[in-house]
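Architecture at a glance
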Amino acid sequence: MARQYEEVTVRGYDEFMKAVSQRKGKDVFAYFSGSKNEQGISWCPDCVKAEPIVRGELGYLPPGSVFIYCQVGERSYWKDPNNEFKKTLKLSGVPTLLRYGTPQKLVEEECFKKDLVRMMFTED
Amino acid sequence: MAALCKWRHRLKPAVFFQNAARRQLSDKHDYDLLVIGGGSGGLACSKEAAQFGKKVAVLDYVESSPKGTKWGLGGTCVNVGCIPKKLMHQAALLGGAVKDAQKYGWRIPSPITHDWLTMAPAVQDYIRSLNWGHRVQLQDKKVKYLNLKGSLMDGHTVRAVSKTGKESVFTAGNIVIATGGRPKYPTHIPGSLEYGISSDDIFWLKESPGKTLVVGASYVALECAGFLTGIGLDTSVMVRSIPLRGFDQQIACLVTDYMGSYGTKFHWKCSPSKVEKLETGRLLVSWTDLDSGKEDQDTFDTVLWAVGRTPETRALNLEKVGVKMNRETGKIIVSADEATSVPHIYAIGDIAEGRPELTPTAIQAGKLLARRLFGKSSELMDYDCVPTTVFTPLEYGSVGLSEEEAVRRHGEDGIEVFHAFYKPLEFTVAERDASQCYIKMVCLREGAQRILGFHFTGPNAGEVTQGFALAIKCGATYTQLMAAVGIHPTSAEEIIKLNITKRSGLDPTVTGC
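Residues numbered from 1 in each chain as written. Chains lettered and ligands numbered in written order. Predicted model: local features only at pLDDT ≥ 70, side-chain atom pairs only at ≥ 80, totals over all residues. Heavy atoms only, no water.

**Some remarks on the overall build of chain A**
- Secondary structure assignment for chain A yields 5 helices and 5 strands.
- Of the regular secondary structure in chain A, the N- to C-terminal order runs β-α-β-α-β-α-α-β-β-α.
- Radius of gyration (C-alpha) of chain A: 14 Å, near the 14 Å computed for a compact globule of 124 residues.
- Along the longest, intermediate and shortest principal axes, the C-alpha atoms of chain A span 40 × 30 × 25 Å.
- Counting all 124 residues of chain A, 46% fall into the buried class.
- Put simply, 63% of the contacts in chain A that link residues at least 6 apart link residues at least 24 apart. (Helix = DSSP H or I, 4+ residues; strand = E, 2+ residues; numbered from the N terminus. Rg over C-alpha atoms; globule rule 2.2 N^0.38 Å. Buried < 20%, exposed > 50% of the residue type's maximum accessible area, 1.4 Å probe, protein only. Contact = heavy atoms within 4.5 Å.)

See the structure below:
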């Protein structure tokens, strides 16, 4: 079955904001993860755990929506309380799954719960 | 599709009776608990019940206001009550604080102005985050949430309708009605419905309300008029008789006196006769002075009706099912355990007769009800000595009896009233008028002099009152108060230091340190 949503992969804050600004008016869902190394493994163990769960629910995304997969950066960048994600996007932890422009978000362990992920994708 | 629906409806009665018979035999319901209303009481009750492993569902549905305002999960408190009210009250207080700041040395460019378009969206965003938070909590605690309008079909059956009109039927072992109330419109006044708004709308306005007339003298009216004045809007209040009915009247007058001296205009003993819309889009309000009979008029940008609230019972089908209501108030009659006249149907929160219209009591009652239904508890909600605070520009915190009520119960000779006018230290350098900052403790006259009622006007009244509410609930006496030590320098310490009685006739103004 054809995918009903657009998936975008970005690295870092600037790329993320650019992707968002190019998709004005769309229902944008974003998943923030600690960056993956050359072996494809993130330094953030919760992100490693949550990713397959979140990906498992992508089929429930509303048609026409956008899913942005964003690698935030290295652990040292993330730990800095003044990084742009924390300061401007007000992220408090990774992984974070949010619906851009709304207060809907799931943080850390909440991302492990597939029914919460599905709820965000399917409810208004 | 329409044909199918018709067929289903025709079949319904036959299937319904069959189901009813089957239900009596089997005892298998869709849910152990079905709550109608996702506000303070409903959410607390459902979440508590789910902790016991019970199958619980909440039906929450918001009928839009006449002006078209709608909101999400959480009820009145979260969306159109306590939360936005307190935030906007804070916005107004900050305006005052910025002015005071100049006396404390801050160089602030003047004049300072307020932007509704910055405040309102920020408040609304916070409310939306609470809607989401409640949604996540329900899901997390395995409570089924349905955005449907519920009504009763019988003692164990609820009909639920979606916003598109799609119907479903659910059965439940127990039903809790927690649908709360909505603002009343004075529909006998021409133009009231078409041109006026209510507290349901004020917090969600996309533009500043501008010059506003608030009709009413309830705490809703005074709190709204208070913050509107505080953010710099031309605000008037029209009062038919007395302010804050049900509250201690001496204090109510101090509250309105303060508002008057800070810029709110009052039209006492007046009643609006009609509201018309002018070509400019502004509203022309005509009213009658009830004492002189004189007519008067003025133009406003907004008319806010705050003349009371009606319980949300009309659409519940209560009479058919036999749930008894108080004919005068329209609220559901409940016994001490929140039970209605129909077994397994309960009512909590604003919808229940005789209960305080407050969030904390609804929450507590909901939790205790769930524990009685599904836990092994027999604890009933204690509605005695519930503290409250009115968040007018001069805040008013109270717990227990008003002076009038204490006199009614014990006679004037049976009580002793200790009181004091005090000046918050912060007001001194700021050169603020503290004439209405007042404390009153109504006590029994004899013995250790148990405290019957506590009243405090001043900044942070809610924070000050909370601790004293516990003391009074524990039966604190004036003797114990005298033995306690105050914290210095605070306004609250003046409560501990109360020593002048009304009976003595002495000047109750607190003098220096």
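**Side note on the packing of helix H2 (residues 40-51) of chain B against helix H5 (residues 116-140) of chain B**
Residues and elements named next belong to chain B.
- The N-to-C vectors of H2 and H5 enclose an angle of 25°; their axes lie 10 Å apart at closest approach. Compared by their axis directions, H2 and H5 come out roughly parallel. By crossing handedness, the relation of H2 to H5 is classed as left-handed. Contacts from Leu43, Ser46 and Lys47 of H2 reach H5 at His134, Gln137 and Leu138.
- Residues that form the contact of H2 with H5 fall into these classes: 2 nonpolar, 3 polar and 1 charged. (Axes fitted to C-alpha atoms, helices over the stretch in contact; angles between N-to-C directions. Parallel < 35°, antiparallel > 145°, perpendicular 65-115°, else oblique. Left-handed = near helix turned anticlockwise from the far one by under 90°. Nonpolar A, V, L, I, M, F, W, Y, C, P; charged D, E, K, R; others polar.)

**A few points about the state of the cysteines**
Residues and elements named next belong to chain B.
- Inspection of every chain in the model, using the stated rule, returns 1 disulfide over all chains.
- Lacking any disulfide linkage, Cys224 is separated from the closest cysteine sulfur, that of Cys82, by 12 Å.
- Given the relative accessible area of 3%, Cys224 is considered buried.
- Looking at Cys474, it has no disulfide partner, and the nearest cysteine sulfur is the one in Cys385, 9.9 Å off. (Disulfide = S-S within 2.5 Å.)

Take it as geometry only, folks, not as evidence of what the structure does.
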